Amino acid sequence: MAFVFTEEQEQFRDIVARFLRDTSPTVEVRRLMETDAGFDGGVWERLNSELGLSALHVPEALGGQGFSFVELGIVCEEMGRALLCAPYLSSAVLATDAILQAGDLGQQAELLPAMASGGRRGALAVTEPNGGWHAEAVETTATRNGAAYRLDGAKSFVIDGHTADFIVVVARERGSSGADGISFFTVAGDAPGLDRRLLETVDATRKQARLTFRGVPAEPLGEPGAGAPALERILVDAVTALASEMVGGAQQMLDSAIEYTKLRMQFGRAIGSFQAVKHKCADMLLEVELAKSAAYQAAAAVAEGAEDAPALASLAKAAASDTYLQAAADCIQLHGGIGFTWDNDTHLWFKRAKSSEVLFGDATHHRERMLEHWPE
Amino acid sequence: MSERSEAEVRAEVREWLEAHWDPDRPLVEWRNMLADTGWGVPHWPREWFGLGLPVPLSQAVDEEFAKQGAVGVAKAGIRHLAAATLLEHGDDFHKERFLRRILTGEDTWCQLFSEPGSGSDLAGATTRADFDGQQWVVNGQKVWTTSAHHAQYGLLLARTDWDVPKHQGLTYFVLDMEQPGVEVHQLRQMNGHASFNQVFFTDARIPPEYQVSETGNGWRVAMTTLAHERRGADGLRAHAFASERVGRIYEEEAREIATIMEPYKWYPQRAGRVDLVLPRARETSRLDDPVVRQEVAKLLTLVKSAEWTARRARAAQEQGRPQGPEGSLGKLAASHVARAAARVHTLISGADAMLSGDDGPLDGLIAEILVSVPATSIAGGTDEIQRNIIAERVLGMPKEPRMDTGPFRDVPRNVGSS
Ligand SMILES: Cc1cc2nc3c(=O)[nH]c(=O)nc-3n(C[C@H](O)[C@H](O)[C@H](O)COP(=O)(O)OP(=O)(O)OC[C@H]3O[C@@H](n4cnc5c(N)ncnc54)[C@H](O)[C@@H]3O)c2cc1C
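Each chain has its residues counted from 1, following the order in which its sequence is written. Chain A is the first chain written and ligand 1 is the first ligand written, with later ones labelled in order. Local features in this predicted model are restricted to residues of pLDDT 70 or higher, and side-chain atom pairs are both shown and tallied only at a pLDDT of 80 or more, whereas totals for entire chains, interfaces and linings draw on every residue. Think of the side-chain values as coming from all heavy atoms in the structure, minus any hydrogens and water.

### With respect to helix 10 (residues 290–318) of chain B
Every α-helical turn comprises 3.6 residues, leaving residues that sit three or four positions apart pointing alike.
Part 1 of the reasoning: Numbering of helices and strands runs from the N terminus, with a helix taken as a DSSP run of H or I at least four residues long and a strand as a DSSP run of E at least two residues long. Multiplying 1.5 Å by the helix residue count minus one yields the expected span of that helix. The end-to-end C-alpha distance of helix 10 of chain B is 41 Å, a good match for the 42 Å that 29 residues give at a rise of 1.5 Å each.
Part 2 of the reasoning: At the C-terminal side of helix 10 of chain B, Gly-320 of chain B shows a positive phi close to 70°.

### Quick notes on the nonpolar core
Part 1 of the reasoning: With 141 residues, the main nonpolar core has Leu-53, Tyr-88, Val-168, Phe-184 and Phe-360 of chain A together with Val-296 of chain B as its most contacted residues.
Part 2 of the reasoning: Looking at this core, the element that brings in the most residues is helix 7 (residues 228–263) of chain A, giving 18 residues.
Part 3 of the reasoning: Throughout this description, the term nonpolar core refers to a set of buried Ala, Val, Leu, Ile, Met, Phe, Trp, Tyr and Cys residues connected via side-chain atoms within 4.5 Å. The buried label goes to any residue with under 20% of its type's maximum accessible area, the exposed label to any with over 50%, and the partly exposed label to all in between, with areas taken from a 1.4 Å probe on protein chains only. Core analysis: the next-biggest nonpolar cluster, separate from the first, contains 65 residues, Trp-48, Val-182, Ala-204 and Ala-222 of chain B among them.

### Regarding the domain arrangement of chain B
Interface size is commonly expressed as the accessible surface area that is lost when the partners come together.
Residue and element names in this part refer to chain B.
Part 1 of the reasoning: The domain boundaries here were taken from an automatic or database domain assignment. Its domain assignment divides chain B into domain 1 (79–231) and domain 2 (271–379).
Part 2 of the reasoning: The C-alpha centroid of domain 2 is placed 32 Å from the C-alpha centroid of domain 1.
Part 3 of the reasoning: Should any heavy atoms of two residues lie within 4.5 Å, those residues are considered in contact. On the domain 2 side, the residues contacting the 5 residues of domain 1 number 7 residues.
Part 4 of the reasoning: For any pair of parts, buried area is found by adding up, for both, the accessible area (1.4 Å probe) each one loses once the two are put together. Across the domain 1 to domain 2 interface the summed buried area is about 510 Å²; carbon plus sulfur atoms make up 53%.
Part 5 of the reasoning: The term salt bridge refers to a pairing of a side-chain nitrogen on Lys or Arg with a carboxyl oxygen on Asp or Glu at a separation within 4 Å. For the interface between domain 1 and domain 2, the tally reads 0 salt bridges.
Part 6 of the reasoning: Between N or O atoms, a polar contact is any pair within 3.5 Å; within protein, one atom must be a potential hydrogen donor and the other a potential acceptor, and residues adjacent in sequence are included only when both atoms are from side chains. Our enumeration of links across domain 1 and domain 2 arrives at 2 residue pairs in polar contact (both at pLDDT 80 or more).
Part 7 of the reasoning: In this classification, the charged set is Asp, Glu, Lys and Arg, the nonpolar set is Ala, Val, Leu, Ile, Met, Phe, Trp, Tyr, Cys and Pro, and all remaining amino acids, among them Gly, are polar. A class-by-class count of the residues in the side of domain 1 that touches domain 2 yields 1 nonpolar, 2 polar and 2 charged.

### Here we look at the environment of Ala-102 of chain A
All names here are of chain A.
Part 1 of the reasoning: Following the sequence through the fold, Ala-102 ends up in helix 5 (residues 88–102).
Part 2 of the reasoning: Residue Ala-102 is classed as buried on the basis of its relative accessible area of 13%.
Part 3 of the reasoning: Separated by 126 residues in the primary sequence, Ala-102 and Ala-228 have C-alpha atoms spaced 9.3 Å apart.
Part 4 of the reasoning: Setting aside anything within four residues of it in sequence, one finds Ala-102 in contact with Phe-184, Leu-221, Gly-222 and Ala-230.

### Quick notes on the side chain of Thr-140 of chain A
Residues and elements named next belong to chain A.
Part 1 of the reasoning: Looking at the element boundaries, Thr-140 is found in the loop between strand 1 (122–125) and strand 2 (141–145).
Part 2 of the reasoning: Among the residues examined, Thr-140 registers a relative accessible area of 1% and is labelled buried.
Part 3 of the reasoning: For Thr-140, the side chain forms a polar contact with the side chain of Glu-128, separated by 2.9 Å.

### Brief notes about helix 2 (residues 27–37) of chain B
All names here are of chain B.
Part 1 of the reasoning: Those residues of helix 2 lying buried are Leu-27, Trp-30, Arg-31, Met-33, Leu-34 and Ala-35.
Part 2 of the reasoning: Its buried side turned inward, helix 2 meets helix 1 (6–20), helix 3 (55–68), helix 5 (92–104) and helix 7 (248–259).
Part 3 of the reasoning: Positive backbone phi, approximately 95°, marks Gly-38, located one or two places after helix 2.

### Some thoughts on the site of the ligand
Part 1 of the reasoning: Here a residue is considered near a molecule or strand provided that any single heavy atom belonging to it is located within 4 Å of it. Around the ligand, a shell composed of 19 residues is seen, among which Gln-275 of chain A together with Ser-114, Ser-120, Trp-144 and Thr-382 of chain B lie nearest.
Part 2 of the reasoning: Site remark: the ligand is flanked by residues from chains A and B.
Part 3 of the reasoning: Here Gln-275 of chain A contributes a side-chain N or O atom positioned 2.7 Å from a nitrogen atom of the ligand.
Part 4 of the reasoning: At a separation of 2.6 Å, an oxygen atom of the ligand approaches a polar side-chain atom of Ser-120 of chain B.
Part 5 of the reasoning: A 1.4 Å probe and the Shrake-Rupley method give the accessible areas. Residues count as covered only by the protein chains that appear here. In the complex, 68% of the free accessible area of the ligand, which totals 980 Å², lies under the protein chains.

### Here we look at the packing of aromatic side chains
Two measures describe an aromatic ring pair: the distance that separates the ring centres and the angle between the ring planes.
Residue and element names in this part refer to chain B.
Part 1 of the reasoning: The rule is short: rings of Phe, Tyr and Trp, with Trp giving its six-membered ring, pair when the centres are within 6.5 Å, and they are stacked under 30 degrees, edge-to-face over 60, tilted in between. Under the defined criterion, the tally for this structure stands at 22 aromatic pairs over all chains.
Part 2 of the reasoning: Their ring planes at 75° and their centres at 5.3 Å tell us that Phe-98 and Tyr-210 sit as a pair that is edge-to-face. Here Phe-98 is found in helix 5, whereas its partner Tyr-210 is found in the loop between strand 7 (197–206) and helix 6 (218–231), with 112 residues between them in sequence. Of the two residues, Phe-98 and Tyr-210, both sit in the buried class.
Part 3 of the reasoning: Here a set of aromatic residues connected by ring pairs shows up, and it is made of Phe-93, Phe-98, Trp-109, Tyr-153 and Tyr-210.
Part 4 of the reasoning: The criterion for a charge sitting over a ring is simple: Lys NZ or Arg CZ within 6 Å of the ring centre, and within 35 degrees of the ring normal. A cation over a ring is seen here: Arg-159 above Phe-408, with NZ or CZ 3.6 Å from the ring centre.
Part 5 of the reasoning: Lying across the ring of Tyr-267, Arg-270 places its NZ or CZ 4.1 Å from the centre.

### What about the side chain of Arg-270 of chain B?
Part 1 of the reasoning: Summarising the element assignment, Arg-270 of chain B is placed in helix 8 (residues 267–270).
Part 2 of the reasoning: Within this scheme the basic residues Lys and Arg register as positive and the acidic residues Asp and Glu register as negative, but His and the chain ends are omitted. For the buried residue Arg-270 of chain B, which engages in no salt bridge, the nearest side chain bearing the opposite charge is Glu-229 of chain B, 6.2 Å off.

### Quick notes on the interface of chain B and chain A
Part 1 of the reasoning: Counting from both sides, the interface comprises 42 residues of chain B and, opposite them, 40 residues of chain A.
Part 2 of the reasoning: Between chain B and chain A lies a buried interface of about 3600 Å² when both sides are counted; carbon and sulfur atoms form 67% of it.
Part 3 of the reasoning: Note that Arg-269 of chain A is salt-bridged to Glu-400 of chain B, the shortest N-O span being 3.3 Å.
Part 4 of the reasoning: In this structure, the connection of chain B to chain A is made through 15 residue pairs in polar contact (both at pLDDT 80 or more).

### Some points on unusual backbone geometry
Part 1 of the reasoning: A positive phi is found at Phe-360 of chain A, a non-glycine position, where the angle reads about 60°.
Part 2 of the reasoning: With respect to the helices, strands and loops of the structure, Phe-360 of chain A is situated in the loop between helix 10 (346–358) and helix 11 (363–372).
Part 3 of the reasoning: Its identity is not glycine, yet Asp-363 of chain B carries a phi of approximately 50°, on the positive side.
Part 4 of the reasoning: Here Asp-363 of chain B lies in the loop between helix 11 (330–349) and helix 12 (365–372).
Part 5 of the reasoning: Its relative accessible area of 61% is what places Asp-363 of chain B among the exposed residues.

### Looking at the domain arrangement of chain A
Residue and element names in this part refer to chain A.
Part 1 of the reasoning: Domains assigned within chain A are domain 1 (7–88 + 113–119), domain 2 (123–225) and domain 3 (229–372).
Part 2 of the reasoning: Spacing between the C-alpha centres of domain 2 and domain 3 amounts to 30 Å.
Part 3 of the reasoning: Taken together, the 13 residues of domain 2 in the interface contact 15 residues of domain 3.
Part 4 of the reasoning: Of the roughly 1300 Å² buried between domain 2 and domain 3 on both sides combined, carbon and sulfur atoms contribute 69%.
Part 5 of the reasoning: Across the contact surface, domain 2 and domain 3 share 2 salt bridges.
Part 6 of the reasoning: Of the charged contacts, one joins Arg-352 and Asp-203 as a salt bridge, the two residues approaching to 3.1 Å between their closest N and O atoms.
Part 7 of the reasoning: Applying the counting rule to domain 2 against domain 3 returns 5 residue pairs in polar contact (both at pLDDT 80 or more).
Part 8 of the reasoning: The residue inventory of the side of domain 2 that touches domain 3, partitioned by class, reads 9 nonpolar, 2 polar and 2 charged.

### Focus: the pattern of salt bridges
Part 1 of the reasoning: Inspection of every chain in the model, using the stated rule, returns 49 salt bridges over all chains.
Part 2 of the reasoning: We note a salt bridge from Asp-40 of chain A to Arg-31 of chain A, for which the minimum N-O separation is 2.8 Å.
Part 3 of the reasoning: Note that Glu-64 of chain B and Arg-14 of chain B form a salt bridge whose closest N and O atoms lie 3.1 Å from each other. Placement of Glu-64 of chain B in helix 3 and of Arg-14 of chain B in helix 1 is noted, with a sequence separation of 50 residues between them.
Part 4 of the reasoning: Judged by relative accessible area, which is 2%, Glu-64 of chain B ranks as buried.

This is how it looks when you write it as structure tokens:
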């Protein structure tokens, strides 16, 4: 397993970072988080036409660039750092991956080219109001009537679920339980019987929706009833991408703290010259570098399809959950009173850290998963 | 040397070992052969007992040695700090005289840096060296000197000028430990072992050719020694374990490990023995407890992340790229790992964590971990000093106001230091 990025990967990172510096300054983040859609259509278009980012890990045969989770991780890390408001995680990562993992070749060929170009946006609906991130917690049912299926139930925490062109929904066959009967479906965003409501969230920079299904017509994705392994795999990929995004945010919190403590004067000297402040920053650096190492290893493991990918993905998510929140809290602390104001930008990352901490399962959940999958 | 591929190097070393490796050869004779051919330290320069190979290829050579069960050069202990320092700063005389016997294991070394009055503040040393026209004459005291009771030579930092700022008045020497002016008293540590010592100098002598740095320029050389010591603390270093194989050379090596390596036998314990955590948690069924599972998982997350971080630093270095901040974090990470491991061992052992020796878990090994771990965050530079270095050098944070910038003679220091 490689421990350094290649020169090409570093150059790619620079390009993405430069694009995000231009398109996602905090004034933009603040403007978009007040809107219902939560993203800028023009930036989304450029992100796809100029950099092809939605196509990144889609196979070339399906209109993609054929890169791996390592490159995807780089993109997510930079987006997390810039706090980009865009349906990238929801559509380009989650829904795209769900189609790759659960769909058959025909369905992939039908759905992915339009998603890879950014023209159609998908969302992934797994979790329900009970908040569980695993097959057992799925209660939404699929009822078969001839060749047609109808869905009944409720999904929550669906990222960008209110704006997506279509939703990939995980449901279970009526009467099944546990990992049995888990099925994937696609549902049009404007399907009859589907109610979509934007949720009020702590983190306004990432929109979440609650979806209610009342006899909603749905197309099966892959073989109905046999979706549990794909769901497992999708969750591993999801936490890997999210961990990358989170360590990017944590790095930003460290950089912001260092910059401020070098400038702010008290007692006739920069507060960064006080040892209590230095030691906190040194500890932040250690924690952030450790969490980055974990995220990089998880991405590499997923890219290689390594056997220990589930354990490493959970390890990386547990590390990122603890580290990002701590870094954001430390960054506020080091800013003093101004750090607690709305005008100071730190809270934007703090809130992203807080919601990411529990998204797809919190650190405790993933530590347990990590041990269940531990290779030794 | 022309560029050689890993496969070529492996084939070459295998062939050489096939022709020469013989477990009944005397240890020193064998290691002299390694020094002559370069196979003992292939990453060292060709002129000095190596082959000039890049580090990854040198690891491949080590692996081939391990596969054959072939004994390598003497590596562990302070001698590798001496070797690294002399390779970088020594002249030809020093390299000729000292390096070979470091590799054969005939000489043991110690690091004469810390003093009763100056530990973290190493540049505040007050052990003095005065030139009498023919030789340097050393007076003063060092402390916490690991292995001094076995050592033939010491790496000495001594003050040669009291009228300049403290970093500019130090000189770096090699000191012959086996002379009348040097007295060594062993100190007992809180874990019962006695690996470090007090060392007293009364008119100890150093010939001029044993001076390593220019007069007054010893601090720079000491930094090299410390950098190697701290880099070694990132947890990737292997410890010497006696082999159970038969043959004269293995017996001689086992004797070396039992005597010269004796001061280091608790070092794996001071690092926390993470390797024992999962097996112990399973054997004791404590792994069924969800609280224990959480703590074990936290520890593994820390250990793995620290290991990957160290390997990122190493990989960048091997590719000749500038190391990122990850290169300076190993020692601090190792302290965290050691403390966390001790906590988890305690959690797993429950009330048995109170017992030591034959009554304690694993015949006292767990107890030895618990009472050895505190050394990790002190030896080789404390955690607080590491944080200062990271904040100022890596993060570029402003320095603290200092009270010790004038001539050393006028700097306030501990009562009792000369
Ligand atoms: C097992 C072991 C083996 C050792 N082997 C050797 C050896 O072989 N050779 C050798 O020369 N030395 C050796 N040492 C000594 C070791 O390097 C010193 O103990 C260490 O550097 C600390 O110095 P000190 O003991 O004088 O403590 P002090 O420097 O007095 O430190 C006391 C406390 O004050 C803190 N402190 C000091 N300065 C600062 C500062 N600027 N900012 C914040 N906090 C500060 C320290 O972090 C520490 O917590 C060994 C030590 C141990 C434990």
